[in-house]
Amino acid sequence: MDSKTLLELIEKNPGAKFITVEKLPDCTDPDWERKKEEIKRKYLRPECFPPELKHLMPKFDEDPPAKE
Amino acid sequence: MNREEYPLIEDLTHTNFSFFSKGPQGVIRKTIQFKNLGDNVFNLCFGDWNEALQKIDDRSRTNNHDRDIVFNTVASAVLTFLKYFPMARVIAQGSTSARTRLYQMIINANLAEIKTLLKVYGNQNGEWYQMEKGKSYDSFMVSYTDFLLT
């Protein structure tokens, strides 16, 4: 949905705090996979979580393996 | 939070949000996306929407003198997202160290209120801590409640 259409939608719904539309465009960041791995490496390794915050630690190994 | 914020447009995935900042620089579309890192951890991507490239520009500076309204709107998007994904942990970091400091300043100014709704953590040199005022962090993480995760 382009910005002009979204602005028109807001103008047609004065005072509305939330407006739901079917689909907003996904951010097609070609560098996302690299950024994703960097975030995991910097912030989501088991060593990043002290004992009292272990419950926050993600278990990426439990993600289903990618199909070949 | 009963504060001034912009109307939020969300889509049916509840992971994509847009709003329009209004000020001296004009009307500028902002986009917030929660991108899945796996196991209920999401990265918060936020910035100006580049219509031509169909992507978020997280390095742009709007200077629309509406920082607090923008922050309230982003906070509202985070709360809405967590309503649909209550087990999620959301990570945010600035695209530059200056922007990370700005985020920290804004979070610090609102920390007491945020803590009534969310658990807030800060990352220092690769390790997560409960966020405290006056300390410097590299990135931030929020979750709805701890007990949901245990």
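These notes cover the structure that comes with them. (Residues numbered from 1 in each chain as written. Chains lettered and ligands numbered in written order. Predicted model: local features only at pLDDT ≥ 70, side-chain atom pairs only at ≥ 80, totals over all residues. Heavy atoms only, no water.)

## Looking at the overall build of chain B
Scanning chain B for helices and strands turns up three helices and nine strands. Ordered by position from N to C terminus, the α and β elements of chain B give β-β-β-β-β-α-β-α-α-β-β-β. Computed over its C-alpha atoms, the radius of gyration of chain B comes to 15 Å, within 12% of the 15 Å expected for a compact globule of 150 residues. The proportion of buried residues among the 150 residues of chain B is 55%. Intrachain contacts of chain B at a sequence separation of at least 6 include 52% that bridge at least 24 residues. In chain B, the 17 positive side-chain charges and the 16 negative ones have mean positions that sit 3 Å from each other. (Helix = DSSP H or I, 4+ residues; strand = E, 2+ residues; numbered from the N terminus. Rg over C-alpha atoms; globule rule 2.2 N^0.38 Å. Buried < 20%, exposed > 50% of the residue type's maximum accessible area, 1.4 Å probe, protein only. Contact = heavy atoms within 4.5 Å. Lys, Arg positive; Asp, Glu negative; His and termini not counted. Charge placed at Lys NZ, Arg CZ, Asp CG, Glu CD.)

## Here's the deal with the pattern of salt bridges
Once their charged atoms are close, side chains differing in charge can pair, the charge on each being opposite to the other. Residues and elements named next belong to chain A. The final tally for this structure, using the stated rule, is twelve salt bridges over all chains. The salt bridge partner of Glu38 is Arg34, with a shortest N-O separation of 2.9 Å. Residue Glu38 and its partner Arg34 are both found in helix α2 (residues 32-43); the two are separated by four residues, about one turn of the helix. For Glu38, a relative accessible area of 28% gives the class partly exposed. For Arg34, a relative accessible area of 44% gives the class partly exposed. Each of Asp31, Arg34, Glu38 and Lys42 takes part in a single network of salt bridges with overlapping partners. (Salt bridge = Lys/Arg side-chain N within 4 Å of Asp/Glu carboxyl O.)

## Some points on the interface of chain A and chain B
The interface is formed by 38 residues belonging to chain A together with 46 residues belonging to chain B. A combined buried area of about 3,700 Å² lies between chain A and chain B, and 62% of that area is made up of carbon and sulfur atoms. Counting across the interface, chain A meets chain B through two salt bridges. Counting every contact that joins chain A to chain B gives 17 residue pairs in polar contact (both at pLDDT 80 or more). (Buried area = accessible area lost by both parts, 1.4 Å probe. Polar contact = N/O pair within 3.5 Å; in protein donor to acceptor, adjacent residues only side chain to side chain.)

## A word on the packing of aromatic side chains
Residues and elements named next belong to chain B. Tallying each qualifying case throughout the model produces eight aromatic pairs over all chains. Considering the side-chain rings of Tyr6 and Phe19, the 5.9 Å spacing of their centres and the 15° angle between planes classify their relative orientation as stacked. Of this pair, Tyr6 sits in the segment before β1 (8-11) while Phe19 sits in strand β2 (residues 16-23), placing them 13 residues apart in sequence. A residue is classified by how much of its surface remains accessible, and Tyr6, at 10% relative accessible area, is buried. For Phe19, a relative accessible area of 0% gives the class buried. (Phe/Tyr/Trp six-rings, centres within 6.5 Å; stacked < 30°, edge-to-face > 60°.)

## Some points on unusual backbone geometry
Residue and element names in this part refer to chain B. In this structure, His14 is a non-glycine residue whose phi angle is positive, near 60°. Among the structural elements, His14 can be located in the loop between β1 and β2. Taking the relative accessible area as the measure of exposure, His14 reaches 14% and is therefore buried. With phi around 45°, Asp39 is a residue other than glycine that occupies positive phi space. Its location among the elements puts Asp39 in the loop between β3 (26-38) and β4 (41-50). Looking at Asp39, the relative accessible area reads 28%, which means it is partly exposed.

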